[in-house]
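Notes for the structure review
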Amino acid sequence: MNFKKKIYIEDLKLSDLSNFQKFLKNNFEKKHIFSNKNKIIYFQHLKKNKKIFNFKIVKIDNKIVGVHGYIPLKKFDEKLNKNQVFLSFLYSKPRLKFPTFPLTLREILKKNNFDFIGEIGLNKRLVPFHKSKGFEVSKMNQHVFLSNKIKKYDIAVVPNNIKKKKLIKTNNKFTYKELNASFLKKNISKNIFLYQMPEKSNEYLINRYLNHPTFNYSINGVFRTSKRLILLFVLRKIKIKNSVIYKMVDLIGNQKDIPKIKYALNDILNKNNAEYIDLYSFGLSGEALKKSSFINVNNVKNLIVPNYFEPFKKKNVDLICGYKCKFKNKVRIFRGDSDQDQPRIIK
C-alpha cells in the first residue's frame, strides 16, 4: 500500500497521555476508562520506568489515529517469564483508509519470541486475520454455579426446569478460606502454578488482584485436610440494588481437584445471600466443571447470565479468545486475564 503521508508507530509516552485521552474522547467514548484521568491505565499498562506505557500508537502528521494495548504478565511479577503477553484494548479512527491493527501487532511482536500470547474479547471481524497469523481461536465457555437457596433471581434469568443440587457437606476433608497477601507470600508452593499456561505466581495474584486500585477481589484457597492447598480461585463481588452475584475471574490448580471447589462456592453464596457465581474460561475440563455443579450456560435454553454491568445489560455475551503457545495442552484463559475484568466507565 502506498500512502502519501508518513505513518509512525511508537510507544505511548507519559508526555503523550493527554493526546491519547483526547483521541479516545473525541473518537471513541467520552466516558471510557481510558478517555479520562484515572489510575487504571497506570496500574495496568505503565512500564517499570514510569515513562512509557505498554501501548503502541499509530500517528499520521503527528496525530494519533490508532492505539493498541498489551499486558505482559511480568507487569505484575518481575520474576515471571518475560515472553508472556495478553493483547488488550484496540481502537483505530473511524473511516481510516487502512487498518492499524496489523501494524501495531507487528510492533508488539517484533524482537519477541513469545512463549504465550493471548487475547480475549476478540472482534469477529479480526478472527480470519488472527488465524492467518497462527492464532488458535475459540469461543470461551461460560459456566454458572447457582445458589440452592435463592428462589427469585433478579440479575440472572433461570428457567424453572433447571434442577439445583443441594450440597450437603458430610466431612471436613476439604476446607476453604480467604487468603491475604501475607499468607500468599509465605505459604504458597510454586507447584500449584505448574499446571497451566500462561505462567502465574503468588506475587502475580497479589499485584493483579489484591492491589487493584478500583475493584475489590478476594483470593480463596481450597485445602485438603486443612493443610495442603490444592486450588486457588479469585472472586469479585457485584451488587445491584439488593442483589448480589460473584464473578470467578481466575482459577489455579490441578484439573482433577476442581470438583472439590463446590462446597466452598456453595458456602460463599449462602453466607452472602448471592444468586450465583459465573466463570468464563478456556482450557478447563467440561467434565470437571460439571462435577463441580457448574452449569454450561450455552447448553440451557433461556438461561441468561449477564456479563456486562457497566452499564448493566441483561443478556448473554459470547467472548472469543485467541492464543499462540508452544504448550497448547496447558493453556487456560480466564476473564481476569488481559483487560476483560476492568472498570469500563468513569462514574
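Refer to the structure printed above.
Keep in mind that what you see is a predicted model, and the values were worked out from it rather than measured.

**Points about the nonpolar core**
Grouped together as the largest cluster of nonpolar side chains are 38 residues, with contacts concentrated most on Phe 116, Ile 188, Tyr 209, Leu 232 and Ile 333. Listing elements by their share of this core, those giving two or more residues are β5 (116–120), α5 (181–187), α6 (202–210), β9 (217–224), β10 (228–240), β11 (243–253), β12 (276–282) and β14 (320–325). Looking at this core element by element, the count peaks at four residues for α6. The next biggest cluster of nonpolar side chains, apart from the first, holds 25 residues, and it includes Met 248, Leu 251, Ile 261 and Ile 277.

**What about empty space enclosed by the protein?**
The probe, sized like a water molecule, is rolled over the atoms to show the empty space still left. Scanning all chains against the criterion turns up three cavities of 30 Å³ or more. The space that makes up the largest cavity amounts to roughly 60 Å³. What lines the largest cavity is simply Ile 71, Pro 72, Leu 73, Phe 76, Phe 86, Tyr 204, Arg 208, Gly 336, Asp 337 and Ser 338. Listing elements by their share of the lining of the largest cavity, those giving two or more residues are β3 (63–72) and α6. Within the lining of the largest cavity, the residues separate by chemical class into six nonpolar, two polar and two charged.

**Overview of the packing of aromatic side chains**
Aromatic ring pairs: the centre-centre distance and the angle between the two ring planes describe each pair. Counted according to the given criterion, the structure contains 17 aromatic pairs. Pairing Phe 23 with Tyr 91 gives two aromatic rings, centres 5.8 Å apart and planes at 55°, and the pair type is tilted. Placement of Phe 23 in helix α1 (residues 17–27) and of Tyr 91 in strand β4 (residues 84–92) is noted, with a sequence separation of 68 residues between them. Taken together through their ring pairs, the aromatic side chains of Phe 20, Phe 23, Phe 28, Phe 34, Phe 55, Phe 89 and Tyr 91 make up a single cluster. The positively charged end of Arg 236 is found above the aromatic ring belonging to Phe 215, 3.9 Å away from the centroid.

**A closer look at the pattern of salt bridges**
Scanning the entire structure with this criterion turns up 16 salt bridges. Among the salt bridges present, the one from Lys 59 reaches Glu 10, with a minimum N-O distance of 3.2 Å. With Lys 59 in strand β2 (residues 52–60) and Glu 10 in strand β1 (residues 7–13), this residue pair connects regions lying 49 residues apart in the sequence. The class for Lys 59 is buried, based on a relative accessible area of 7%. Between Arg 335 and Asp 341 there is a salt bridge, with the nearest N and O atoms lying 2.7 Å from each other. By relative accessible area, Arg 335 is classed as buried at 7%. Asp 341 sits in the buried class, given a relative accessible area of 0%.

**Focus on the sheet that holds strand β6 (residues 136–139)**
Spatial strand order, β1-β2-β3-β4-β5-β14-β6: seven strands in an open sheet with mixed pairing. The strands lining the two open edges of the sheet, one partner per strand, are β1 and β6. Looking at each pair of strands side by side, their axes are set apart by 25° on average, direction ignored. Bridging between β6 and β14 involves four bridges; their strand directions are antiparallel. The residue of β14 that forms the bridge with Lys 139 is Ile 320. Contacts between α1 and the sheet are confined to β1, β2, β3 and β4, with β3 contributing the most and set at about 105° to the helix. Contacts from helix α3 (residues 101–109) reach β1, β2, β3, β4 and β5 within the one sheet, and its direction differs from that of β3 by about 40°.

**With respect to the pairing of β9**
Extensive coverage of β9 is indicated by the burial of eight of its eight residues. Here β9 pairs with β10 via eight bridges, running antiparallel. Its bridge partner lying in β10, Ile 219 is registered against Val 234.

**A closer look at unusual backbone geometry**
Of the consecutive residues Met 197 and Pro 198, the connecting peptide bond is found in the cis state with omega at 5°. With respect to the helices and strands, Pro 198 occurs in the loop between α5 and α6. Phi at Ser 338 takes a positive value of approximately 55°, unusual for a residue other than glycine.

**A word on α1**
Along α1, the residues that are buried comprise Leu 17, Phe 20, Gln 21, Phe 23 and Leu 24. For α1, the buried positions fall inside an angular range of 155° around the axis, keeping them on one side. Away from its buried face by more than 90 degrees, α1 exposes Lys 22 and Asn 26. Packed against the buried residues of α1 are β1, α2 (40–45), β2, β3 and β4.

**Examining the side chain of Thr 104**
Its location among the elements puts Thr 104 in helix α3. Other than its neighbours up to four places away in sequence, Thr 104 contacts Lys 56, Val 58 and His 68.

**Brief notes about the environment of Ile 52**
When you line up the elements, Ile 52 lands in strand β2. Counting along the chain gives 35 residues from Ile 52 to Leu 17, while the straight-line C-alpha distance between them is 9.6 Å. Apart from residues lying up to four places away in sequence, Ile 52 is in contact with Asp 11, Leu 12, Lys 13, His 45, Leu 46 and Lys 47.

What counts and how
- Residues numbered from 1 in each chain as written.
- Predicted model: local features only at pLDDT ≥ 70, side-chain atom pairs only at ≥ 80, totals over all residues.
- Heavy atoms only, no water.
- Core = buried A, V, L, I, M, F, W, Y, C linked by side-chain atoms within 4.5 Å.
- Buried < 20%, exposed > 50% of the residue type's maximum accessible area, 1.4 Å probe, protein only.
- Helix = DSSP H or I, 4+ residues; strand = E, 2+ residues; numbered from the N terminus.
- 1 Å grid on protein atoms, 1.4 Å probe; cavity = no way out; pocket = protein on both sides within 12 Å on 5 of 7 lines; lining within 4 Å.
- Points joined across faces, edges and corners; volume = space filled by probe spheres on them.
- Nonpolar A, V, L, I, M, F, W, Y, C, P; charged D, E, K, R; others polar.
- Phe/Tyr/Trp six-rings, centres within 6.5 Å; stacked < 30°, edge-to-face > 60°.
- Lys NZ or Arg CZ within 6 Å of the ring centre and 35° of its normal.
- Salt bridge = Lys/Arg side-chain N within 4 Å of Asp/Glu carboxyl O.
- Pairing = 2+ DSSP bridges.
- Axes fitted to C-alpha atoms, helices over the stretch in contact; angles between N-to-C directions.
- Contact = heavy atoms within 4.5 Å.
- Arc of directions from axis to C-beta.

Don't take any of this as a statement about function, it's just geometry.
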